[in-house]
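# Observations on the three-dimensional arrangement
Chain residues, written in single-letter form:
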Amino acid sequence: MAEVAGLLDSKNPVSLVKKPPRRSKVRDHLVKQGEVGRLISVPVENHPTKIPIKPLIGLILTTGCRRSEAIHAEWDDFDLEKGLWFIRHKPECPTRDGLGWSPKWGKERCIKLLPEAISFLKNLPKKPEVYGQVGIGKNAYWKRANFVFTIQKKIMIEGRLQEKFVGVRDFRTAWNSLRQKAGLPDLQVKDLRTFFNWLLGTKSDLSNKELGCYIGNSERVNLEHYTPVNLESSSEKLGRLSLSQWIPGLTQ
């Protein structure tokens, strides 16, 4: 009755509507192999001042990493001889939020890189002197870093403008341009992560729990958020199933 009385008091009736809980569930969408091929084959300008969008999505496609993990990846995080990537808390990493970076939920992990990921990383050029911007606005400053993905720009170092390589902060504009050129306007960056997870889950013997650990999810989150249903794959699996083999006399 009190709520109804509120309406009579000219209160906003919208305030009485209970909003459903927000869901962060990734859409049930699986990128097709041909679409990935189109994305990779699209020509882009290769210039130090341009966002290295192809290498960025290459790391996501070969490791299933998150967008922020790719952006903040530094060469010191990798042991390419052992094929390992240490995704860990880095107190000295320059970020837009300040000094220091941590994986999502603060969950560190070490992943065994696939041969394709190792080869991909070994073919990337290492810049001799890289900087990252700490913070934003008038109090921001530049700090030495070792980022894998960089662009070249003029920054204020030691009181004067100098041409330096700096870490990539965001690649949404470059990504939108790439997917439009590939004719994939609805494709999302996280779809590449889902594709990797699906590929690893269907072409390897890893359990869902192991898959979740690899890409940094709990088993439940990985199953609910990053395991899309693919009807073609389901039909293929069903076609290989013989109930008669397991249930004797079923067709007699």
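All of the points below concern the structure found in this document. (Residues numbered from 1 in each chain as written. Predicted model: local features only at pLDDT ≥ 70, side-chain atom pairs only at ≥ 80, totals over all residues. Heavy atoms only, no water.)

This part takes up the pattern of salt bridges. In this structure the tally under the stated criterion is 11 salt bridges. Among the salt bridges present, the one from arginine 66 reaches glutamate 69, with a minimum N-O distance of 3.1 Å. Here arginine 66 falls in the buried class, since its relative accessible area comes to 11%. The exposure class of glutamate 69 is buried, given its relative accessible area of 1%. The closest approach of N and O atoms between glutamate 92 and lysine 143, which form a salt bridge, is 3.7 Å. With glutamate 92 in strand E3 (residues 90-95) and lysine 143 in strand E7 (residues 141-145), this pair connects stretches of sequence that are 51 residues apart. Here the salt bridges do not stand alone but share partners, grouping Glu74, Asp77, Arg88 and Lys90 into one network. (Salt bridge = Lys/Arg side-chain N within 4 Å of Asp/Glu carboxyl O. Buried < 20%, exposed > 50% of the residue type's maximum accessible area, 1.4 Å probe, protein only. Helix = DSSP H or I, 4+ residues; strand = E, 2+ residues; numbered from the N terminus.)

A separate point is the packing of helix H2 (residues 33-41) against helix H3 (residues 53-63). Running from N to C, H2 and H3 cross one another at 150°; their axes reach a closest spacing of 10 Å. Of the possible angle classes, the one that applies to H2 and H3 is roughly antiparallel. Taken together, the residues of H3 that come into contact with H2 (itself represented by Val36, Leu39, Ile40 and Ser41) are Lys54, Ile57 and Leu61. (Axes fitted to C-alpha atoms, helices over the stretch in contact; angles between N-to-C directions. Parallel < 35°, antiparallel > 145°, perpendicular 65-115°, else oblique. Contact = heavy atoms within 4.5 Å.)

What follows concerns the pairing of strand E9 (residues 160-167). Sheet topology note: the strand E6 (residues 130-134)/E9 ladder contains 2 bridges and is parallel. The residue of E9 that forms the bridge with tyrosine 131 is valine 166. Where strand E8 (residues 150-157) lies against E9, 8 bridges are found, and the strand directions are antiparallel. Across the sheet, glutamine 152 pairs through a bridge with phenylalanine 165, a residue of E9. What sits between E8 and E9 in their antiparallel hairpin is a turn of 2 residues, with glutamate 158 showing a positive phi close to 55°. (Pairing = 2+ DSSP bridges.)

One open sheet accounts for 3 strands, arranged E1-E2-E5; its pairing is antiparallel. Looking at strand neighbours, the two that pair on one side only are strand E1 (78-79) and strand E5 (109-112), the edges of this open sheet. Two elements, E1 and strand E2 (residues 84-87), share 2 bridges in a ladder whose sense is antiparallel. By the bridge assignment for E2, aspartate 79 is matched with leucine 84.

Glancing now at the packing of aromatic side chains. Per the stated rule, a full pass over the model turns up 4 aromatic pairs. An aromatic cluster is defined as three or more aromatic residues linked by ring pairs; in this entry it consists of Trp75, Phe78 and Trp85. Taking NZ or CZ as reference, arginine 67 lies 5.1 Å from the ring centre of phenylalanine 171, over its face. Lysine 127 extends its terminal NZ or CZ atom over the ring of phenylalanine 165, reaching a point 5.2 Å from the ring centre. (Phe/Tyr/Trp six-rings, centres within 6.5 Å; stacked < 30°, edge-to-face > 60°. Lys NZ or Arg CZ within 6 Å of the ring centre and 35° of its normal.)

A few words now on the sheet that holds E7. Pairing between the strands of a sheet is mediated by backbone hydrogen bonds and can be parallel or antiparallel. What the 4 strands build is an open sheet, ordered E7-E6-E9-E8; its pairing is mixed. Both outer strands of the open sheet, E7 and E8, are each paired with one neighbouring strand and no more. If you compare each strand with its neighbour and ignore which way they point, the axes differ by 55° on average.

Another point: the nonpolar core. Core analysis: the biggest nonpolar cluster contains 56 residues, and Leu39, Trp85, Leu113, Leu121 and Trp175 have the highest contact counts within it. With residues up to four places along the chain from it excluded, the contact list for leucine 39 reads Lys54, Ile57, Trp175, Leu178, Arg179, Ala182, Leu184, Leu187 and Leu192. (Core = buried A, V, L, I, M, F, W, Y, C linked by side-chain atoms within 4.5 Å.)

Listing the buried residues of helix H5 (residues 115-122) in full gives Ala117, Ile118, Phe120 and Leu121. Angularly, the buried residues of H5 cover 165° about the axis, an arc narrow enough to put them on a single face. What points out from H5, more than 90 degrees from its buried face, is the exposed set Pro115 and Glu116. Of the surrounding secondary structure, the elements contacted by the buried residues of H5 are H3 and E1. (Arc of directions from axis to C-beta.)

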